[in-house]
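# Structural characterization, general
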Amino acid sequence: MALALEQAEKAWGMNEVPVGAIVVRNGEVIGEGYNQPISTHDPSAHAEIMALRNAAQKVNNYRLPGSTLYVTLEPCTMCYGAMIHARIESLVFGACEPKAGVVCSADQIGEKGYFNHRIKVVKGVLESRCGGMLSDFFKARRAQIKKASP
């Protein structure tokens, strides 16, 4: 998760919401990514998607069986769906996302039974660091907005 947090810091440095992800297989990082939808003008450029794309390119296969995706924030519907298609074995995430998280917060889509693949989930890893980074980012952003307001 510490490596995913490093990716999140890259996002923050680009003034993107600081979410980072890595994909690991057989103890090796095969993919990494961070949020960049604003800078890339791409609504799908979430950290998880970027890490999955990076891993798939590295191994020359869109399927990533035996892989674990680590991400600092609970995934949204789009990202969870991409993990299903990639056949990610395990998901490890830090902070819960009460508004859009679909693993345990706003929904639990993996428990619905209509997917042809199940992902093992571990939640709350370095939760306070992951959640704290997001809180600090939005606090700083609100302060910038307040300062710029007449």
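Residues numbered from 1 in each chain as written. Predicted model: local features only at pLDDT ≥ 70, side-chain atom pairs only at ≥ 80, totals over all residues. Heavy atoms only, no water.

### Some remarks on the nonpolar core
- If you look at the biggest cluster of nonpolar residues, it comprises 35 residues, and the most contacted ones within it are Val23, Leu52, Leu69, Met83, Ile88 and Leu91.
- Of all elements in the fold, only helix H1 (2-13), strand S1 (20-25), helix H3 (47-59), strand S3 (67-73), helix H4 (77-86), strand S4 (90-95) and helix H5 (127-148) reach the threshold of two or more residues within this core.
- The residues contacting Leu69, other than those within four sequence positions of it, are Ala21, Ile22, Val23, Glu48, Leu52, Met83, Ile88, Ser90, Leu91 and Val92. (Core = buried A, V, L, I, M, F, W, Y, C linked by side-chain atoms within 4.5 Å. Buried < 20%, exposed > 50% of the residue type's maximum accessible area, 1.4 Å probe, protein only. Helix = DSSP H or I, 4+ residues; strand = E, 2+ residues; numbered from the N terminus. Contact = heavy atoms within 4.5 Å.)

### A look at the side chain of Ser44
- By secondary structure assignment, the location of Ser44 is in the loop between helix H2 (37-40) and H3.
- Reaching out from Ser44, the side chain makes a polar contact with the side chain of Asp42 at a distance of 2.6 Å.
- Of the polar contacts made by the side chain of Ser44, one reaches the side chain of Arg53; its length is 3.0 Å.
- Beyond its immediate chain neighbours, meaning those up to four positions away, Ser44 contacts Ile49, Arg53 and Met78. (Polar contact = N/O pair within 3.5 Å; in protein donor to acceptor, adjacent residues only side chain to side chain.)

### Details of the UniProt feature "binding site: Zn(2+)" (unreviewed entry) in the chain
- Cross-referencing UniProt, the feature "binding site: Zn(2+)" (unreviewed entry) maps to His46, Cys76 and Cys79 in the present numbering. A maximum C-alpha distance of 9.3 Å places the annotated residues, which cover 34 residues in sequence, within one compact spot.
- Inspection of the secondary structure puts His46 in the loop between H2 and H3.
- Apart from the residues lying within four places of it in its own chain, the contact partners of His46 are Tyr34, Asn35, Cys76, Met78 and Cys79.
- Relative to the helices and strands, Cys76 is located in the loop between S3 and H4.
- With relative accessibility at 18%, the residue Cys76 sits in the buried group. (UniProt positions renumbered as here; feature names shortened; annotations may be inferred.)

### Some points on the packing of aromatic side chains
- Evaluated as defined, the whole model comprises four aromatic pairs.
- Here the aromatic rings of Tyr114 and Phe115 are separated by 5.0 Å at their centres, their planes lie at 50 degrees, and the arrangement is tilted.
- For Tyr114, a relative accessible area of 55% gives the class exposed.
- Put simply, the rings of Trp12, Phe137 and Phe138 pair up and form one aromatic cluster. (Phe/Tyr/Trp six-rings, centres within 6.5 Å; stacked < 30°, edge-to-face > 60°.)

### Remarks on the UniProt feature "domain: CMP/dCMP-type deaminase" (unreviewed entry) in the chain
- UniProt feature "domain: CMP/dCMP-type deaminase" (unreviewed entry): in the numbering of this structure it lies at residues 1-104.
- Between the end C-alpha atoms of residues 1-104 the distance is 19 Å, and the span holds 38% helix and 25% strand.

### Description of the sheet that holds S1
- Strand order in the open sheet formed by five strands is S2-S1-S3-S4-S5, with mixed pairing between adjacent strands. Strands with a single pairing partner mark the edges of an open sheet, and in this sheet they are strand S2 (28-34) and strand S5 (120-123). Taking the axes of each pair of neighbouring strands and ignoring which way they run, one obtains an average angle of 15 degrees across the sheet.
- Sheet topology note: the S1/S2 ladder contains six bridges and is antiparallel. When the bridges of S2 are listed, Val24 appears paired with Val29. (Pairing = 2+ DSSP bridges. Axes fitted to C-alpha atoms, helices over the stretch in contact; angles between N-to-C directions.)

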